[in-house]
Each structure stands twice: as C-alpha cells, then as structure tokens.
Amino acid sequence: MRRLALCVWLSATTALTGAAFAFDNGQYDHVPPDIRAWFKSVIAPNGVPCCDVSDGHRTDYDVRGGAYWVPIDGQWMEVPERAIIRDRGNPVGQAVVWYVHHRGAIIISCFVPADAV
C-alpha cells in the first residue's frame, strides 16, 4: 500500500511540474512475468520503491572516480550513492535507472548496475 501511494504521489508530482512520466500503454505487454515482478520489487537502500517497469530505463553507464555515471536526456549525470542498489540482482542484463524530472532538475531515485548481484 505504501509503495502504491508513493508511486501515485511521484506520478502526481511529476504531472504537476509538467514533466512526462513513463506510462505502460501496452508497450510492455511482452515483458515476462518474472522481469515485470523484479521491476516492481526493486527498492532503494533508503526504503523507497523504484516503482514499475515503465518507470525504469535501461541505460549505458560509466564508472568515474569510483562513482557510477549515466546518460539522461543527453547529459551524463553522477548517480547518488543513496540510489545505488547492489543486492537485488539484475535479470535484464543491462543497467537500469529510475529518475524523475522535478522543478527543472533530474532526480535519480534508483540505479541497478548491469552486474548487480
């Protein structure tokens, strides 16, 4: 219930700021149930859910000075330590980042490296 409320709040907040959230308009119909379940189960180290398959973005990444960096909207951004998830595995084989646009800023809420265990 808490997870649903947070996803609804994030969606509403994002909609009010004029930013677009990812929506499942059928483009995720062919995602296997185990992968869909993984996306729904990923939780950031601070206990905040990362939301859903339509909210996560498969991404390239780089490691610079011991920190993860991901490209978002054409710019490379450092992933905050609070967003890095290392203990949920990664069944998709690519890094995944969850972020929102909020008041002109991009906020990275979750990141799972390609080789997460």
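Residues numbered from 1 in each chain as written. Predicted model: local features only at pLDDT ≥ 70, side-chain atom pairs only at ≥ 80, totals over all residues. Heavy atoms only, no water.

K.L.:
Tell me about the pattern of salt bridges, residues and numbers included.
P.N.:
Going through the model one piece at a time under the given rule, you end up with two salt bridges. Here aspartate 62 ties to arginine 64 by a salt bridge, and the two come within 3.1 Å at their closest N and O atoms. The exposure class assigned to aspartate 62 is partly exposed, which follows from its relative accessible area of 32%. Between arginine 86 and glutamate 81 there is a salt bridge, with the nearest N and O atoms lying 3.0 Å from each other. For arginine 86, a relative accessible area of 44% gives the class partly exposed. (Salt bridge = Lys/Arg side-chain N within 4 Å of Asp/Glu carboxyl O. Buried < 20%, exposed > 50% of the residue type's maximum accessible area, 1.4 Å probe, protein only.)

K.L.:
Tell me what's going on with the state of the cysteines, and back it up with residues and numbers.
P.N.:
On inspection of all chains with the given rule, the structure shows one disulfide. Here cysteine 50 engages in a disulfide with cysteine 110; their sulfurs sit 1.9 Å apart. Torsion about the S-S bond of the cysteine 50 and cysteine 110 cystine: about -90 degrees, corresponding to left-handed handedness. Linking cysteine 50 in the loop between helix H2 (33-41) and strand S1 (56-59) with cysteine 110 in strand S6 (residues 105-112), this pair joins segments that are 60 residues apart in sequence. The same class applies to cysteine 50 and to cysteine 110, which are both buried. (Disulfide = S-S within 2.5 Å. Helix = DSSP H or I, 4+ residues; strand = E, 2+ residues; numbered from the N terminus.)

K.L.:
Account for the packing of aromatic side chains, with residues named and values stated.
P.N.:
Two measures describe an aromatic ring pair: the distance that separates the ring centres and the angle between the ring planes. This model, assessed by the stated rule, comprises six aromatic pairs. Feature note: the residues Trp38, Phe39 and Trp98 constitute an aromatic cluster, connected by ring pairs. Sitting over the ring of tryptophan 69, arginine 64 keeps its end group 4.9 Å from the ring centre. (Phe/Tyr/Trp six-rings, centres within 6.5 Å; stacked < 30°, edge-to-face > 60°. Lys NZ or Arg CZ within 6 Å of the ring centre and 35° of its normal.)

Distances and angles like these do not, on their own, reveal function.
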